[in-house]
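Residue-level listing of the chains:
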Amino acid sequence: AGTSHGNAAGFRPSALLKLAEHKAADKKTTLLHYTVEVVQTNAPKVRRVTALLPTLAQASRVSLEELRAKSADLARGMDQVERELTALEEAAEKEEERREALHREAMEAWSAAKEQRDEARRRHREGRAAARASEGGGGGGGGCGEGGEDGGGDGGG
């Protein structure tokens, strides 16, 4: 049933050496060979574990406290990155709102300028029409030689 490690099942690696000592009737195959064949047949995922064995020696030199400290540092760094990204997103939103407000203001100013231009043109046309009417008695007006809109006159000065 239970062990000092809970209900963990397993073996000591030194037991593998004893398996290599026991040979089958053919005097070639050991109990270790047979065990490996059975495990490979019935538990193919074990092959993936054996691929990790070369790195086990390196991993055993790393302390758990060191890993925890590095993990905590990474978590703090990720929190900082997240805060900075949030701040950048907020700044980008504010900048976009500012640009949109400037664009609206520019468009409003453009529309107002166009309206003023159109009004000035209308008044100018009305003024010319009134000037023609007063000069020529309402007729053709604006003929040659009288210094009208074309800046004519006698050219002297």
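Residues numbered from 1 in each chain as written. Predicted model: local features only at pLDDT ≥ 70, side-chain atom pairs only at ≥ 80, totals over all residues. Heavy atoms only, no water.

1. A closer look at the overall build of the protein
Right, so step 1: Across its full length, the protein holds 4 helices and 0 strands.
Right, so step 2: Taken over 157 residues, the protein has a buried fraction of 1%.
Right, so step 3: Here the protein has roughly 14,000 Å² of accessible surface; of this, 56% comes from carbon and sulfur atoms. (Helix = DSSP H or I, 4+ residues; strand = E, 2+ residues; numbered from the N terminus. Buried < 20%, exposed > 50% of the residue type's maximum accessible area, 1.4 Å probe, protein only. Areas by Shrake-Rupley, 256 points an atom, 1.4 Å probe, with all protein chains shown as cover.)

2. As for the pattern of salt bridges
Right, so step 1: Within this structure, the stated rule accounts for 9 salt bridges.
Right, so step 2: Measuring nitrogen to oxygen at the nearest pair gives 2.2 Å for the salt bridge that ties D73 to R76. Of this pair, D73 and R76 both sit in helix α4 (residues 64-136), 3 residues apart, roughly one helical turn.
Right, so step 3: Among the ionic pairs, R117 bridges to D118, the shortest N-O distance being 2.9 Å.
Right, so step 4: When salt bridges that share partners are traced, they join E119, R122, R123 and E126 into one network. (Salt bridge = Lys/Arg side-chain N within 4 Å of Asp/Glu carboxyl O.)

3. With respect to the confidence of the model for the protein
Right, so step 1: For the protein, the mean per-residue pLDDT works out to 82, and 81% of the residues sit at or above 70.
Right, so step 2: Confidence drops under a pLDDT of 50 for residues 140-157, and excluding neighbours within four residues, the segment shows 7 contacts in the predicted structure. (pLDDT = per-residue confidence, 0-100. Contact = heavy atoms within 4.5 Å.)

4. A look at unusual backbone geometry
Most peptide bonds take the trans configuration, and most residues that are not glycine carry a negative phi.
Right, so step 1: Of note, K27 is a non-glycine position whose phi angle comes to about 65°, a positive value.
Right, so step 2: Note on K27: relative accessible area 63%, which makes it exposed.

5. What to know about the packing of helix α1 (residues 14-21) against helix α2 (residues 31-42)
Right, so step 1: At a closest axis distance of 6 Å, the pairing of α1 and α2 adopts a crossing angle of 115°. Of the possible angle classes, the one that applies to α1 and α2 is roughly perpendicular. Along the contact surface, α1 presents L16, L19 and A20, while α2 presents L31, L32 and T35.
Right, so step 2: For the contact of α1 with α2, a count of residues per class yields 5 nonpolar, 1 polar and no charged. (Axes fitted to C-alpha atoms, helices over the stretch in contact; angles between N-to-C directions. Parallel < 35°, antiparallel > 145°, perpendicular 65-115°, else oblique. Nonpolar A, V, L, I, M, F, W, Y, C, P; charged D, E, K, R; others polar.)

6. Notes on the side chain of T30
Right, so step 1: Within the secondary structure, T30 is located in the loop between α1 and α2.
Right, so step 2: For T30, a relative accessible area of 9% corresponds to the buried category.
Right, so step 3: Ignoring any residue separated from it by four or fewer positions in sequence, one finds T30 in contact with L19, A20, H22 and K23.

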